[in-house]
Amino acid sequence: MGFGFVEIGSVTPLPQPGNPKPRVFRLPELDAVINRYGFNSHGVDAVAANLAAFRQREAAGMGAGLGSSQTPSAPADGAAPSGRVGVNLGKNKASDDAAGDYAIGAAKLGRFADYLVINVSSPNTPGLRALQGRRELERLVRRCQAARDAAGPWGAVGPPPVLVKVAPDLTEADKADIAMVALRTGVDGLIVSNTTLARPKDVADHPTGDEVGGLSGRPLFEPSTAVLRDMYRLTKGRMPIIGVGGVSSGQDAYAKIRAGASLVEIYSSLAYGGPAVVPRMKRELAACLRRDGFDSVAAAVGADHRKQS
Ligand SMILES: Cc1cc2nc3c(=O)[nH]c(=O)nc-3n(C[C@H](O)[C@H](O)[C@H](O)COP(=O)(O)O)c2cc1C
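Below: a short report on this structure. Keep in mind that this is a model prediction, so the values were computed, not measured.

Criteria and thresholds
- Residues numbered from 1 in each chain as written.
- Predicted model: local features only at pLDDT ≥ 70, side-chain atom pairs only at ≥ 80, totals over all residues.
- Heavy atoms only, no water.
- Buried < 20%, exposed > 50% of the residue type's maximum accessible area, 1.4 Å probe, protein only.
- Helix = DSSP H or I, 4+ residues; strand = E, 2+ residues; numbered from the N terminus.
- Pairing = 2+ DSSP bridges.
- Axes fitted to C-alpha atoms, helices over the stretch in contact; angles between N-to-C directions.
- Near = heavy atom within 4 Å.
- Polar contact = N/O pair within 3.5 Å; in protein donor to acceptor, adjacent residues only side chain to side chain.
- Areas by Shrake-Rupley, 256 points an atom, 1.4 Å probe, with all protein chains shown as cover.
- Salt bridge = Lys/Arg side-chain N within 4 Å of Asp/Glu carboxyl O.
- Expected span 1.5 Å × (residues − 1).
- Arc of directions from axis to C-beta.
- Contact = heavy atoms within 4.5 Å.

1. What about the pairing of strand β2 (residues 24-27)?
Judged by which residues are buried, β2 turns out to be one-sided: F25 and L27 face inward and are buried, whereas V24 and R26, on the alternate face, are not. Here β2 pairs with strand β3 (residues 32-35) via four bridges, running antiparallel. Bridge pairing links L27 to A32 in β3. Taking the residues that link successive antiparallel strands as the turn, the β2-β3 hairpin has four residues, and the phi of D31 there is positive, at about 50°.

2. Considering the sheet that holds strand β8 (residues 214-217)
Strand-to-strand pairing in sheets goes through backbone hydrogen bonds, with the strands running parallel or antiparallel. A sheet is described by the order of its strands in space; here three strands give the open sequence β2-β3-β8, paired in antiparallel fashion. If you trace the sheet from one side to the other, it starts and ends with β2 and β8, each paired once. On average, adjacent strands in this sheet sit at an angle of 20° to one another, irrespective of strand direction.

3. Things to note about the pairing of β3
It is a general feature of regular strands that their side chains alternate between the two faces of the sheet. The two faces of β3 match: A32 and I34 on one face and V33 and N35 on the other face are all buried. Across four bridges, β3 lies against β8 in antiparallel orientation. What sits directly across from A32, in β8, is G217.

4. Let's talk about unusual backbone geometry
A cis amide bond links G152 to the next residue, P153, at an omega of 10°. Assignment of secondary structure puts P153 in the loop between α3 (134-150) and β6 (162-166). Residue S193 is reached from V192 by a cis peptide bond, and omega for that bond is 15°. Within the secondary structure, S193 is located in the loop between β7 (189-192) and α5 (201-204). Backbone geometry at D31 places phi at a positive 50°, although glycine is not the residue there. Examined against the element boundaries, D31 turns out to sit in the loop between β2 and β3. Non-glycine residue K236 carries a positive phi angle of around 55°. Along the polypeptide, K236 turns up in the loop between α6 (221-234) and β9 (241-244).

5. Considering the sheet that holds β9
Taken together, seven strands build an open sheet; the order of strands is β1-β4-β5-β6-β7-β9-β10 and the sheet is parallel. Strands at the two margins of the open sheet, each flanked by one partner only, are β1 (5-11) and β10 (263-265). This sheet shows a mean twist of 25° between the axes of neighbouring strands, independent of strand direction. Relative to β6, strand β5 (residues 115-119) runs parallel, the two sharing four bridges.

6. Re the environment of G213
By secondary structure assignment, the location of G213 is in the loop between α5 and β8. With a relative accessible area of 4%, G213 lands in the buried category.

7. Details of the site of the ligand
Neighbouring residues of the ligand: 21 residues in total, closest S10, K165, G217, G246 and S268. N119 places a side-chain nitrogen or oxygen 3.1 Å from an oxygen atom of the ligand. Here an oxygen atom of the ligand and a backbone polar atom of G246 are 2.7 Å apart. Computed on the free molecule, the ligand has an accessible area of 610 Å², of which 89% lies beneath the protein chains in the complex.

8. Brief notes about the environment of Q56
Note that Q56 resides in helix α1 (residues 44-59). Overall, Q56 belongs to the exposed group, its relative accessible area being 59%. For the pair Q56 and L183, spaced 127 residues apart in the sequence, the C-alpha separation amounts to 36 Å.

9. A short note on the pattern of salt bridges
Taken as a whole and judged by the stated rule, the model has 20 salt bridges. Between R229 and D304 there is a salt bridge, and its shortest N-O distance comes to 2.9 Å. Of this pair, R229 sits in helix α6 while D304 sits in helix α11 (residues 303-308), and the two are 75 residues apart along the sequence. A relative accessible area of 28% means that R229 is categorised as partly exposed. Residue class for D304 comes out buried when judged on its relative accessible area of 12%. It is possible to trace a salt-bridge network through shared partners that takes in R229, R258, R291, D292 and D304.

10. Re helix α9 (residues 277-291)
When the terminal C-alpha atoms of α9 are compared, their 21 Å separation across 15 residues agrees well with the 21 Å that a helix rising 1.5 Å per residue should span. Buried within α9 are the following residues: V277, V278, M281, L285, C288 and L289. Down the axis of α9, the buried set is contained in an arc of 95°. They therefore lie on one face. In α9, the exposed residues that point more than 90 degrees away from the buried face are R283, R290 and R291. In this fold, the buried residues of α9 make contact with α7 (250-259), α8 (268-273) and α10 (297-300). Phi turns positive one or two residues past the end of α9, at G293, with a value near 80°.

Function cannot be read off these values alone, since they describe shape.
Printed below as a string of structure tokens:
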């Protein structure tokens, strides 16, 4: 489909059904989605088996173009280039040991992952977002990093990077705390952002706008990009950031990149637009970069900050 990488999850340690249905709602007039899935997951063992089989198929030359962990194979002539798979970790609803849950995920899935995500920002698991607090987050990240390291040996390439995925609904103090913990613990990157609990006026006025859950899609673009911009500034541009939230065009992706994103993800716009959005977005992004004189995405990362300073 033209993606550079794919992220799967969130995966919980034990299987769990998630919230009762209905739990996902389309607001097509607003290009938005509200979901309260609540981490429906087959659990880490099932996911490990799937990923193991997948990596094996790939090693045998029958894969769908995904590289073995951190060593994407060179594309054969005419073959699609290899991609990378990130594995996003969550906690079980009934667990009272959140750090232990993420550690299980890191230990069991790290060896199949090109990167791991500590998702502390889903609004649909009670108490999850409180893990973004300074003390909790630092404890959590260190425990996860230790569990990942202990699951080695990792060889020359080293273990997979660990990223933290944050909410868009953060106070100034929250953002400063997260940036400080990220820099201090040596987290490898941030993902900004998850869905929002906010309901902008057009969403609040929509017949489906009062459903409980996280809002994604177009109405999330501005708030999530503002948080991305803040996190890039607070981490002094030293930390790779994956920008996500309301991206449906190359112009949107370009705005995330200029605000500080090194990589961009989409979810809701793929649900609405299907696979055709990918080549369109890439064409539009390339045109934006050319117009402004950038010869690569990397050259444009954080450009807005340089303009202002
Ligand atoms: C139906 C649905 C399920 C989601 N499930 C997860 C999840 O399990 N873990 C996670 O980190 N984010 C989850 N998200 C959030 C997305 O990964 C993304 O951060 C958010 O939707 C904003 O991007 P978008 O506006 O392109 O959809 C989910 C989003 C949707 C719409």
